[in-house]
Structures are given as structure tokens and as C-alpha cells.
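Take a look at the letters that make up each chain.
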Amino acid sequence: MTEKISRVRHEYLRHDKKFPHVWCPGCGNGIVLGSLIRAIDKLSLEKDELVLASGIGCAGRMPAYVDFNTLHTTHGRALTFATGIKLAKPELTVLCVMGDGDATAIGGNHFIHAARRNLNLTAIIINNQIYGMTGGQYSPTTPYGANASTAVYGHIEHAFSIAELAITAGAAFVARGTVYHVRMLDTLLAKGIAKRGFSVIEIMSNCHTQYGRRNNMGDPVTMMQWFKDHGVSEQKAKKMSDEEMGEKFTIGVLADKDMPNYMEEYRRIQEQAQLK
Amino acid sequence: MENELTHEKRVLQGNEAIVEGALAAGCRFYAGYPITPASEIAELMSIKLPAIGGTFIQMEDEIASMGAIIGASLAGVKSLTATSGPGFSLMQENLGFACIAEVPCVLVNVMRGGPSTGLPTSPAQGDVMQARWGTHGDHPIIVLAASSVKDCFEITVQAFNLSEKYRIPVIVLSDEVVAHTRETIVLPKLEKIEVVERIRPSVPPEWYIPYEDNSRGVPAMANMGSGYRHHVTGLVHDPKGFPTQRPDEVDAFIRRQYRKITNGFYEIQMSKTLMMEDAEIAVIAYGSVSRSALHAIKSARSNGIKAGLLQLITLFPFHKKAVDAVLRQCRSVLVPEMNMGQLVREVKRVNLSSKVFKYNRVDGQFITPDEIYDQLLRM
Ligand SMILES: Cc1ncc(C[n+]2csc(CCOP(=O)(O)OP(=O)(O)O)c2C)c(N)n1
Ligand code: SF4
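Residues numbered from 1 in each chain as written. Chains lettered and ligands numbered in written order. Predicted model: local features only at pLDDT ≥ 70, side-chain atom pairs only at ≥ 80, totals over all residues.

Asks: Please clarify how the confidence of the model for chain B should be interpreted in this entry.
Replies: For chain B, mean pLDDT is 96; residues scoring 70 or higher make up 98% of the total. Here the predicted complex carries an ipTM of 0.97, next to a pTM of 0.97. (pLDDT = per-residue confidence, 0-100.)

See the structure below:
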């Protein structure tokens, strides 16, 4: 079993890249990377056909470590670059990994329009509820009342749900997972990548260094425990009152619909234009 | 469809000629956001590109448009975006990415009065220095200026060629006058147009070093999905493409960027001279103003004044050699611009002791031949 896992990792990791990685020991980003690799292996995707693009932030450092076509863009803009790549070469499988600030603050506009447009891209959003790389400033998903380096008196804004935002904006596939529920995460990522259309996988992850420390959430293991206790399936959540839900959140596939994707529609435009 | 571009005579606007030039140069991807006076470029691209198997997309803003054309170019497709002042400002962030990652692409800025929303339907040349230095950090860039419909076609082709050859974003500056003036243009036959493609790696993938230096300073560029998997980043990177902060690697990286452009001065720096042979005074101009300057010089000549014109096509890298020759030859030089005096500073820097006059209009009005002629009389 371990042998198989290590073979899979070696197959997809870059060996000419100087490890160790830049992440803090115990950071959830590493778990997401492992899960992503297993999902890709499960789908038997060719490395040459894969693109992993990212924005800026701790999450944004992920592409450098994998042996795909990789792209580390500007803060919040990964989806715009990915859109160009996918339209220019539709046969490529294009994935984007982003932080919560990256995807929904500075990149929020790109995110909702990418979801609306329904181009066949996969957005993997690591939601650690904070700006990790720049030192713990609050993000659009920092909870009300939480502590951040720019909210030492307690945060007064309200967080939005990335998954709900994606559903409302029209994404074809939306799922939420956590770095604790890692087997489920493998499946969610595989489903999202395989989906023809815009898919979003929001992953609740621990930034113990910047978020956990400031909010008395303990070490990575304690934060994992928190994800274990707070992630509930949709069926379960349906039976729970608002009070019972409290800080809990739903996990699993939250939306999955079939509709024509942008590339199919554009092909139709091309055919029409060529007839003229 | 390809033969739609014949050598026939057509009456086109500057914006339309840019589209024809881009398609002739092999552009097959356009991403943009509507803005006056550049929108016709997007509209025409949305009609023409799908008909020849290309792709047009209207993005949510200019930041996204710039990101998308970089993405498409990384995937191997020649890409264009077009905008005006406010949109040009938004493009600066990702323009810097195209510089540092050395991604060929062409950006047209149809200049209008600024700053901010400024004068949406009036011509101006206020973005010259922004084109040179708008994105942060040390970087070379190529900036070309179009003065006529014919220029729009030819310069756009050249912009793509230089961009591919030197792996650098190229900015084409036009203005509201050039964009909307209709002129007769004879479009050359496709096979008569020189089209340059980026150098692709010739080594097997396992030997490919994506940012390896060579005598030209321009590394071979592998398209995404062609088997040459590598990393592209906006961080300063080592020859393998991975982030580095090693002073020696950082220094070598930045200096190579400059060297590759300096090496190409002979073909990047383009200009035209008219009646310069025996000129005693001269006008140095660019864009639509150079056309007024040409008329002014002709009037001056018919009144016995030995005046000449240096029209700068390449604004950056600044054509010091051409300007220096004019400054040496003439007792004084006039630099008329539809701004408060931007390129005139570069002209003065070439030779601080020469007599350089400026003439500026910033009221949204075009500089007329008569105004330039009046200035010539005072020199
Ligand atoms: C235009 C721009 N503004 C600001 C920054 C600085 N910056 C870098 S990462 C980051 C936020 C990172 O937070 P998040 O996106 O949540 O990712 P994480 O580091 O938590 O993975 C910011 C603000 C930048 N690189 N570019
Ligand atoms: S700062 Fe937070 S997000 Fe960044 S590597 Fe450390 S734990 Fe992970």
C-alpha cells in the first residue's frame, strides 16, 4: 500500500525541483496536493495533457512541485490565464489551485464569471479562512468575530460561502471537502476534474500558523479534529436546525448539473461563421 | 477564408486595419473588454476569428483579457488584445507577467484623453510613458506608434513578428484619429507578408531548459501540451524556470532581458525620414501628429525653409541613433505631441546641448499642419 502511494507520488512530483517545499510543517496544502495526485492517477491523465495553474499565496506555490505543465500567475488571476489556455488548446485538462483570498477577494470577479461562462475548467480552492502568505490578514472567508492580523479587535465583516457563491454563479459542479476527510477529497477532486464544465472544489484546510494560532485552534492535529467535527453531509445537515448547524458546514457534492459548456457552444459559433 | 486577405484596394479605418494586420500575422486568439475608441477591433475580431478557426472572447475586464491572451500564447496561439487608457491601466499588472515570463503577445492601446475616464472620444498621446514604464520593475518593452491606416496594418504585423522573435509583449499605440479615419489601403497578398514564429525547442524534452541563455538571449519556447513540461512563473526564475533569489541568477536574468532587446536594435528600432537630406530644422513626431508634421514640412519647403521630418515608429527602445543624427544635423528640432511633453524628454536626453522645442496640445484637439508650420517659422 505505502509502496503504491509512494510510486504514485514519485510519478507526478518534480524531481529537479529543490524540495523541501515552502509550506509550514503540517500545512493542509500538502494534504490537498497528495489528494490531487491520487485523483489524477485514478483518472489516468497524461502529464503532458495536464495544466496546473495557480495564483499567488501559499496555495499558489503548489504547481512548482508537480511534473505537469505548470503556471504560477498573478494574485487572483489564475482563472483568466486558464481560460486562455483552455480556449487555445481545448484538449488540455486545465486545473487551477487558489487560496480563499486569491479566488474570492482579488479574483472574485474572475471567479464568478468563470463559473457563469461554464468553460471546462476545475477550480480547486483551499479555504484556510485567512491570508496565509502575507501574515494572517482577514480574507472574505474569515468568520465574524475571528482574530486576524488586521482584525485584532475581532472581525466585523461576514464571511461568504465559496461553494454557495459558485452554485449561484452557475458552476456545473460544486463540492466541498476538508483536509480531514481525505478519501472523500480524493473522490471529489476526481469527479470535479472529470466533469465537463466548470467545477469548483472548496477545501476547508488548516493554516495553523496564521489562523489557528490567532484563534486558539491548536496545532494541525487539533484543527483536523475541528474539521472532523464540523463537516457534515448534506443529508445530515437537512435534518439539523440552524442552531445545531452553528459553525458546521456541509461536505460532499453540493451541485452537479449538465449543461452545454463554453467550448461546445463556441464550436457552434465557429461552424456558423465558417458557413458565411 | 485565408484568401479573403488579397492585395485588393480597401477603404478601412485604422482599427479595421489592425484586425487585418493581426490576422495576416497569424493571430488566432483575441480577448478584450469593450472601450471607446478601440471597440471596433473587438467587434471585428468576434466576426472574423471564428470563421478561420480562431477564438474570440469578451472577458469580464481588462485584467482578465490580458491574462487570457497570455494563457493562449503559452498554449502556442498568437494573441491580441486592444483597449484604451482606463483599460490600459488595468492591463499593466499582467503585462508585467508577460515581460517576466517572456510570453509573446500584442496589446493595442488606442489612446484617448486622460487621466481616468478623461476624454473618451478625443485623441491624445498621453500614454507614451505609461507604455514604457506602466508595469512595475525593470523591464524592456517594445512600443510602436501607428500614424495611418497603412501603418496600422504594417505595424501590427511587425508587432507580432517582433513579439514572437524576441519573446516580449509588444504595445501598439494608436490614437482616436488614426483609429477612426477611413483611408484607402492596398492590402498585400498573404504570401508577400513576412510572418515570424517563435523558436521552438529542437532538443528532446528531457534536455529542454526553458529559460536557458544563448547568443541571442532569447530562449526557445515550448508550447504547453507539446511534451516539454515546464514551470512558468511571475517570480524571478532560474534557467529551469523555478523561483530564485540568488543574486547572481537574478542579475543574470534581468540583464538577459535587456541584452536580448539591445541585440535586436538593428531591426526593432524603426523610423522614417522625409526631406532630411539637407534639412536645417526638423520635426520629430510619431503617431497621427507626424502626418500634420509632414504637411507642415512640405509648406515650409515651398516657402524656402529647409525643414525635414523624423517619424519615429518605434518609441521604445528609444531610437537614440536616429534622433542623434537629426540633432547633429539641424540647428533646432521641434517635438509636437498631444500631451504635456513626454517623448520630448527622451529626445532631449540624447543631446542636452542641442536646441529642442516642444509644442503641446492637451485640449482633446488634433495638432494641425498650420500649427506646426507656425512653430517652424519661429525656429
Ligand atoms: C496584486 C497583489 N496584491 C497583493 C499581493 C500580496 N499577496 C500575496 S499572497 C496574498 C494573499 C494570500 O492569501 P490566500 O489567497 O488566501 O492564500 P494563502 O496564502 O492563504 O494560501 C496577498 C494579499 C500580491 N501578490 N499581488
Ligand atoms: S502560512 Fe498557513 S497556509 Fe501558509 S504554509 Fe503556513 S500553514 Fe500553510
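Asks: Would you take a moment to explain the pairing of strand β6 (residues 199-204) of chain A for this structure?
Replies: Put simply, side chains in a regular strand alternate between the two faces of the sheet. All names here are of chain A. By the criterion of burial, β6 is predominantly enclosed, with 6 of the 6 residues buried. Every second residue of β6 is oriented toward a common face, with S199, I201 and I203 on one face and V200, E202 and M204 on the other, all of them buried. Relative to β6, strand β4 (residues 122-127) is paired through 6 bridges, and the arrangement is parallel. Counterpart to I126 in the pairing with β6 is I203. The pairing of strand β5 (residues 173-178) with β6 spans 6 bridges and is parallel. Across the sheet, residue A175 finds its bridge partner in β6, namely I201. This β-α-β element, β5 to helix α7 (residues 182-194) to β6, shows right-handed connectivity. (Buried ≥ 20, exposed ≤ 12 C-beta atoms within 10 Å, placed from the backbone. Helix = DSSP H or I, 4+ residues; strand = E, 2+ residues; numbered from the N terminus. Pairing = 2+ DSSP bridges. Right-handed = clockwise from strand over helix to strand, strands pointing away.)

Asks: Is there a simple way to explain the interface of chain A and chain B in this structure?
Replies: A common way to report how large an interface is uses the accessible area buried once the components associate. If you look at the interface, chain A gives 36 residues, while chain B gives 36 residues. Broken down by secondary-structure element, the contributors of at least two residues to the side of chain A that touches chain B are β2 (69-72), α3 (78-88), α5 (108-117) and α12 (262-275) of chain A. The dominant element in the side of chain A that touches chain B, judged by the number of residues it contributes, is α3 of chain A, at 8 residues. With 3 bridges connecting them, β2 of chain A and strand β10 (residues 231-233) of chain B associate as parallel partners. Bridge pairing links H72 of chain A to T233 of chain B in β10 of chain B. (Contact = placed C-beta atoms within 7 Å.)

Asks: Please explain the site of ligand 1 as it appears in this structure.
Replies: Inspection of the region around ligand 1 gives 18 residues, with G57, G99, G101, D102 and G132 of chain A positioned closest. For the shell around ligand 1, the leading source of residues is helix α4 (residues 100-106) of chain A, giving 3 residues. (Near = placed C-beta within 6 Å.)

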